[in-house]
Amino acid sequence: MSRNNWHLYEVFIRSKNGLAHKHAGSVHAQDAETAILSARDLYTRRGEASSLWIIKSSDIIASDPGEAGELYDPSDDKIYRHSTFYTVPDGVKNM
Amino acid sequence: MPALEKYIGAKHTRNPHTIYMLRLADNALILGQRLSEMCGHGPEMELDMAMTNMSLDLIGQAKLLFEHILTLEDLAPNADVLALTRPLERYSNCLLVAQPNVDFAHIMLRQFLFSSMQKRQYEALLNSNDSTLAAIAEKSLKEIAYHIRFAKGWVLRLGDGTKESRDRMADALSCLWRFTGEMFTCDARVADAVEAGTSSDFTKTYSDWKLEVKTILSEAGGLTPHENTRMIMGGHFGQHDDNLGHILSDMQFMQLSYPGLEW
Amino acid sequence: MYSTDLRTDQEKKSADPQVLDDAKLWDTFQSRIDNGDVIEAKDDMPEKYRQTLIRQISQHAHSEIVGQLPEGNWVTRAPTLKRKLILLAKIQDEAGHGLYLYSAAETLGRSRDDMVADLLSGKAKYSTIFNYPTPTWADIGTIGWLVDGAAVTNQIPLCRCSYGPYARAMVRVCKEESFHQRQGYEIVTVLAQGTLAQKALAQDSLNRFWWPSLMMFGPSDSASTHSSQNMKWKIKRHSNDELRQRFVDATVPQAEFLGLSIPDADMRWNEERGSYDHGEINWDEFWAVIKDGGICGKDRIRARRAAAKDGQWVRAAAHAYAQKQETKERVA
């Protein structure tokens, strides 16, 4: 999409070990090394990261929002998958 | 003239430990100042941010050093007076760091040549008998490692990129290589600092440094510094070229226009 | 300011696409918005919604990038090392915020290059505040205090904008900007409590920046045509006048605390409204600066063009190098 041939990369940050990487935004870069360095300069200026992932935006495979109905709605009525569906007698604790 | 009477600039020092730390601080300050000129003007927004980051690191290093100096010796009422009010001939930075931001090739090569020297210079401080100085060096070395990684990457990209970028790198090399000898000269102030236990003698690593740098340069589109380049020196002893005066006229503007005030 | 369309009527007419969205899409889209749904990049949306957001987000991004320049004017001359570091970090944040915003706008299908090209050609607008000069150090304080204060007032509601990528970018921006206004106020405080000369610098700067800061919120509601649809789409949450009033009410006591006077003879507390009444804003000046760039517009664009030109050969080199590396890897 860019006329100057710089690729768009998506940036994921792990703020500290034990947590998952979370999408932070994107950067333009020529290659993986510049993408990592730019992501570091752009998204971790306040010590937000213990680890960075970058991936070319064009390599992300996304579900189609138009198919959201068929993909996700069928799980909406399967309330028995949630613990709140069940009643536990009053005297029973720690379940 | 009451304002002038009240105003006291930075005092001289004869302590070799302090003199050496002033050199380190001035190098970081002047290069940080040079890089800060690019803030808002970088050739790409991402590169603008990267240069500002390096500027922040370097001015931060300088600030720590100036503040530390003042804990040992009463040269000025505060770090700003020490950093920002001395006359030109009392700045002891090497000539390389004051070289202008001709283009991104010059900026990256200047950074690579300086940071790869600074790494050796600061490693030699890790066993200093001044433990605060050693701690400052340890903290700074992490920043320096990043500066080298960034600048080296761009030296390679520009040297081995297009014909135009290679020409620009070649020009940068012919301009800047002349100032590298000064950084590794074991002059009287280095010798005094070694004797005082401030630092070990990092200038002994000059040939290792040359080998390392030349390897990268040759990877960068076969760049080679001219074998018989005449090295130019002077900055370390206050003999500067045309650049520093202009840098100071900006940097000292407020301190000299309004002496002795708080900001 | 960021939610205000800064184009002239003529520019709006020639630029607005002949939108052919079908009415059904507008209805389903509106009911999603009314339900409090957040719109994401690949969702169906009216073309008009997309275009409005691209214009608004890119104008916001341009304002961040151009906004580096008036403060950049003082980086090399900052009076102390501490102030120099703070100023560098702040300007760098603005570059970062520009980048977050360009990214958010790109999700709508327009490339950053195209948006930047519009800025450089003068087609795209940015906030007029950045076309005012910063001749004294006090201006750096005033910009932080007033300009960033106005920006935050504007940006906090945008964190709840209906378009997800924009709202998320604004959350990040607002979090990072929290120190910007404070550092500005701190600079002005030191001046106001300093020597007579320093206090005069602070007052002079306030005199110059007060009215342009009020203009940042955009024309009065009665004159702003685009507002109602943007409110309906929850791109905009509050009217220009409402946000401006919020800013005035917060700022006047801050000036009083410092012993500085707001350059508005009509400024007074209105007991009944529980707010300050302020004097008439000179909208002729506002539109004049949009049209001719004011004092600094030409310099700002020249600086950005120079940076873009410097970037061309750097990008070309990086591209050539990356291709060589790929070829090497393939061979190996």
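Residues numbered from 1 in each chain as written. Chains lettered and ligands numbered in written order. Predicted model: local features only at pLDDT ≥ 70, side-chain atom pairs only at ≥ 80, totals over all residues. Heavy atoms only, no water.

Quick look at the overall build of chain B now. Broken down by element type, chain B carries 12 helices and zero strands. Sequence-ordered secondary structure for chain B, helices as α and strands as β, is α-α-α-α-α-α-α-α-α-α-α-α. Its C-alpha atoms give chain B a radius of gyration of 18 Å, near enough to 18 Å, the size a compact globule of 263 residues would have. Expressed along its principal axes, the backbone C-alpha trace of chain B runs to roughly 60 × 40 × 30 Å. Classification of the 263 residues of chain B by burial places 61% in the buried group. Of all intrachain contacts in chain B linking residues separated by at least 6 positions in sequence, the fraction that spans at least 24 positions is 81%. Total accessible area computed for chain B in this model is approximately 10200 Å², and 53% of it derives from carbon and sulfur atoms. The average position of the 25 basic charges and that of the 34 acidic charges among the side chains of chain B differ by 3 Å. (Helix = DSSP H or I, 4+ residues; strand = E, 2+ residues; numbered from the N terminus. Rg over C-alpha atoms; globule rule 2.2 N^0.38 Å. Buried < 20%, exposed > 50% of the residue type's maximum accessible area, 1.4 Å probe, protein only. Contact = heavy atoms within 4.5 Å. Areas by Shrake-Rupley, 256 points an atom, 1.4 Å probe, with all protein chains shown as cover. Lys, Arg positive; Asp, Glu negative; His and termini not counted. Charge placed at Lys NZ, Arg CZ, Asp CG, Glu CD.)

The subject of this paragraph is the pattern of salt bridges. In this structure the tally under the stated criterion is 40 salt bridges over all chains. For Glu176 of chain C, the salt bridge identified is with Arg45 of chain A, shortest N-O distance 2.7 Å. Here the residue Glu176 of chain C occupies a position in helix H8 (residues 164-192), and Arg45 of chain A occupies one in the loop between helix H1 (32-43) and strand S3 (51-56), the pair thus bridging two chains. According to the relative accessible area criterion, Glu176 of chain C is buried, its value standing at 5%. Arg45 of chain A gets classed as buried once you look at its relative accessible area, which sits at 19%. Notably, a salt bridge pairs Asp187 of chain B with Arg23 of chain B, separated by 2.9 Å at the nearest N-O pair. Taken together, the positions of Asp187 of chain B in the loop between helix H8 (180-183) and helix H9 (188-196) and Arg23 of chain B in helix H2 (residues 16-36) put the pair 164 residues apart, joining distant regions of the chain. Since its relative accessible area comes to 11%, Asp187 of chain B is described here as buried. Note on Arg23 of chain B: relative accessible area 3%, which makes it buried. (Salt bridge = Lys/Arg side-chain N within 4 Å of Asp/Glu carboxyl O.)

For the rest of this paragraph, the subject is the confidence of the model for chain A. Chain-level statistics for chain A give a pLDDT mean of 86 and a share of 95% at 70 or above. No element of chain A has a lower mean pLDDT than helix H2 (residues 68-72) of chain A, at 80, and none a higher one than S3 of chain A, at 94. (pLDDT = per-residue confidence, 0-100.)

Our focus in this paragraph is the interface of chain A and chain C. Each side of the interface is counted separately: chain A has 18 residues, and chain C has 23 residues. Buried area between chain A and chain C, both sides added, is near 1900 Å², and the carbon and sulfur share of it is 49%. The interface formed by chain A and chain C holds four salt bridges in total. Ionic pairing is found between Arg46 of chain A and Glu176 of chain C, a salt bridge with its closest N-O pair at 3.7 Å. Our count for the contact surface shared by chain A and chain C stands at eight residue pairs in polar contact (both at pLDDT 80 or more). Elements supplying a minimum of two residues to the side of chain A that touches chain C: strand S2 (22-29) and H1 of chain A. Per-element tally for the side of chain A that touches chain C: the top contributor is S2 of chain A, with three residues. A per-class count over the side of chain A that touches chain C returns eight nonpolar, six polar and four charged. (Buried area = accessible area lost by both parts, 1.4 Å probe. Polar contact = N/O pair within 3.5 Å; in protein donor to acceptor, adjacent residues only side chain to side chain. Nonpolar A, V, L, I, M, F, W, Y, C, P; charged D, E, K, R; others polar.)

Turning our eyes to something else, we now look at helix H6 (residues 131-159) of chain B. What sets the pattern is the α-helix's 3.6 residues per turn: residues three or four places apart point alike. Residues and elements named next belong to chain B. The first and last C-alpha atoms of H6 sit 40 Å apart over 29 residues, in line with the 42 Å expected at 1.5 Å per residue. Within H6, the axis deviates most sharply at Leu141, by approximately 30 degrees. With a side-chain oxygen positioned 3.1 Å from the backbone nitrogen of Thr132, the residue opening H6 is Asp130. (Expected span 1.5 Å × (residues − 1). Bend = angle between axes of the 7 residues up to and from the residue.)

Before going further, it helps to examine unusual backbone geometry. Residue and element names in this part refer to chain C. Phi at Lys234 takes a positive value of approximately 60 degrees, unusual for a residue other than glycine. As for its placement among the helices and strands, Lys234 is situated in the loop between helix H10 (227-232) and helix H11 (240-258). Taking the relative accessible area as the measure of exposure, Lys234 reaches 21% and is therefore partly exposed.

This part is about the environment of Ala137 of chain B. Residues and elements named next belong to chain B. Residue position: Ala137 is located in helix H6. Each C-alpha atom of the pair Ala137 and Thr229 lies 31 Å from the other, and the pair is 92 residues apart in sequence. Discounting residues that sit within four places of it in the chain, Ala137 has contacts with Tyr122, Leu125 and Leu126.

Accessible area lost during the coming together of the parts is what is often quoted as the interface size. Across the contact, 49 residues belong to chain B and 46 residues belong to chain C. Of the roughly 4100 Å² buried where chain B meets chain C, counting both sides, 69% is carbon and sulfur surface. If you sort the residues of chain B by the area they bury against chain C, Met45, Met49 and Trp263 of chain B come out on top, with a joint share of 19%. For the pair chain B and chain C, the number of links is four salt bridges. Between chain B and chain C we count 15 residue pairs in polar contact (both at pLDDT 80 or more) in total. Looking at the side of chain B that touches chain C, the elements with two or more residues in it are H2, helix H3 (45-72), helix H4 (79-84), helix H5 (104-123), H6, helix H7 (163-176), helix H11 (242-251) and helix H12 (253-257) of chain B. Residue contributions to the side of chain B that touches chain C peak at 13 residues, all from H3 of chain B. Of the residues in the side of chain B that touches chain C, the class split is 23 nonpolar, 13 polar and 13 charged.

Attention now moves to the state of the cysteines. Under the criterion given, the structure shown has zero disulfides over all chains. Left unpaired, Cys94 of chain B is separated from the closest cysteine sulfur, that of Cys186 of chain B, by 16 Å. Cys94 of chain B sits in the buried class, given a relative accessible area of 0%. Between Cys174 of chain C, a cysteine without a disulfide, and Cys159 of chain C, which holds the nearest cysteine sulfur, the sulfur-to-sulfur distance is 3.6 Å. Using a relative accessible area of 16% as the deciding quantity, one classes Cys174 of chain C as buried. (Disulfide = S-S within 2.5 Å.)

This part is about the pairing of S2 of chain A. Along a regular strand, successive side chains alternate from one face of the sheet to the other. Residue and element names in this part refer to chain A. Of all eight residues that make up S2, six are buried, and the element is covered over most of its length. As paired elements, strand S1 (residues 7-14) and S2 share seven bridges and run antiparallel to each other. Residue Ile13 lies in a different strand from S2, and its bridge partner there is Lys22. (Pairing = 2+ DSSP bridges.)

Moving on, we get to the confidence of the model for chain B. Residues and elements named next belong to chain B. Averaged over all residues, the pLDDT of chain B is 95; the fraction at 70 or higher stands at 97%. Within the model, pLDDT remains below 50 along residues 1-5, and this stretch shows zero contacts once partners closer than five positions in the same chain are excluded. Across the interface, the model reports ipTM at 0.96; the global pTM reads 0.93.

Another point: the nonpolar core. Residues Phe66 and Trp154 of chain B together with Trp210 of chain C are the most contacted members of the largest nonpolar core, which totals 150 residues. Here this core gets 13 residues from one element, more than from any other, and that element is H6 of chain B. Grouped together as the second largest cluster of nonpolar side chains are 43 residues, Met49 of chain B together with Met115, Val116 and Tyr163 of chain C included. (Core = buried A, V, L, I, M, F, W, Y, C linked by side-chain atoms within 4.5 Å.)

It is worth spelling out a nonpolar patch on the surface at this point. Where nonpolar side chains cluster on the molecular surface, the patch consists of Ile79, Tyr80, Phe85 and Tyr86 of chain A and spans about 430 Å² of accessible area. Relative to the helices and strands, Ile79 of chain A is located in the segment after H2. (Patch = residues over 30% accessible without salt bridge, like charges linked within 9 Å, V, L, I, M, F, W, Y side chains within 5 Å.)

Glancing now at the sheet that holds S1 of chain A. Residues and elements named next belong to chain A. The three strands lie next to each other as S2-S1-S3, forming an open sheet whose pairing is antiparallel. Single-partner strands in this sheet number two, and they are S2 and S3. With strand direction ignored, the average angle separating the axes of adjacent strands in the sheet is 30 degrees. (Axes fitted to C-alpha atoms, helices over the stretch in contact; angles between N-to-C directions.)

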